[in-house]
Amino acid sequence: MILTAFWLKIIAVTGMILQHMALALPGAFPLGVEIFLQISGGLTFPILAFLLVDGFRATSNLSKYMTRLAVFGVISFVPHLFVLGTGLNIMFTMALSLYLLKLRRERGNSASFWAIFVVLILACAFLDWGIIGPIGVILYDMIKNEKARRIVVPLFFIAGVLLQGLLVTSLMSLFIDMEYLMAEMDMSIAPAFFPVGTLLAIPLLLLYNGERGRPAKWFFYVIYPLHLAVLAIVSIAMGKNVLINMIRNIFYEIGNLL
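Residues numbered from 1 in each chain as written. Predicted model: local features only at pLDDT ≥ 70, side-chain atom pairs only at ≥ 80, totals over all residues. Heavy atoms only, no water.

Residue placement: Phe156 occurs in helix α8 (residues 146–173). Judged by relative accessible area, Phe156 falls into the partly exposed class, the value being 24%. With 20 residues separating them in the primary sequence, Phe156 and Gly136 have C-alpha atoms 7.1 Å apart. Not counting the four nearest positions on each side in its chain, Phe156 is found in contact with Ile132, Ile135, Gly136 and Leu139. (Helix = DSSP H or I, 4+ residues; strand = E, 2+ residues; numbered from the N terminus. Buried < 20%, exposed > 50% of the residue type's maximum accessible area, 1.4 Å probe, protein only. Contact = heavy atoms within 4.5 Å.)

Structure (structure tokens):
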């Protein structure tokens, strides 16, 4: 079985939609189904980041490529906010990663590039995939051996996700009783299986034949805000919307204080 860029993109987008279903509708699925949805989501960014680097190397108009990602990031801001509680979506991560690739092409591995890189990476902490997203993109570009880059970078993403999760949990535990929080919010163990999907991205990337396949230039750009908008509407209708419930709880707590 050989995969073109078209089929890799289909797999990545399908995984993204499935995971967003789990995040948009917490508690709506049996645990086994939720675990499957989280594993599916783990496939997405390692594949999209890989294809972003390939697109960077092949594009004839880099500025238009970055602008397109940024524009659809803005379009997706509100639906992403309602589905995931933040508007800083993956489109912004990819646009900034593309800019870093452009900068590295112009400046090489110079001190000035790495200085700018560090500053922008810190800014990425607030974006989807945090600082590990753009670092992984740069690694995809830096590693010359084709087989190695398809294996090493997803492994880096796994390590980054685990380390980032451990760091966030450790910092939160300094101020919050985590056991109480998990009990109160009825948190699921399903997200812990997310890295399994990232690991499964490796064999898929190894099957990639380097060919574009069917043209699907606008597929990802259109499906991204569209599926978020649909999930936002469904989550609101089911009373499971993350943002609305968060705001409702804040006003409830304020009411209790008054």
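What follows covers unusual backbone geometry. A positive phi is found at Trp129, a non-glycine position, where the angle reads about 75°. Relative to the helices and strands, Trp129 resides in the loop between α6 (111–123) and α7 (132–142). According to the relative accessible area criterion, Trp129 is buried, its value standing at 13%.

A few words on the environment of Ala5. Checked against the element boundaries, Ala5 lands in helix α1 (residues 5–24). Ala5 gets classed as buried once you look at its relative accessible area, which sits at 15%. For the pair formed by Ala5 and Leu48, sequence separation is 43 residues and the distance between their alpha carbons is 9.8 Å. Setting aside chain neighbours within four positions, we find Ala5 in contact with Leu51, Tyr208, Glu211 and Arg212.

Let's shift gears to the pattern of salt bridges. What the rule picks out here adds up to 6 salt bridges. Arg149 is the salt-bridge partner of Asp54, the closest N and O atoms lying 3.9 Å from each other. On the criterion of sequence distance, the pair formed by Asp54 in helix α3 (residues 44–58) and Arg149 in helix α8 is long-range, its members being 95 residues apart. Residue Arg149 is classed as buried on the basis of its relative accessible area of 1%. (Salt bridge = Lys/Arg side-chain N within 4 Å of Asp/Glu carboxyl O.)

All right, on to α7 then. Burial runs high along α7: 8 of the 11 residues are buried. Of all the positions in α7, only Ile132, Gly133, Pro134, Gly136, Val137, Ile138, Tyr140 and Asp141 are classed as buried.

Such coordinate-based values are descriptive only and should not be taken to indicate function.
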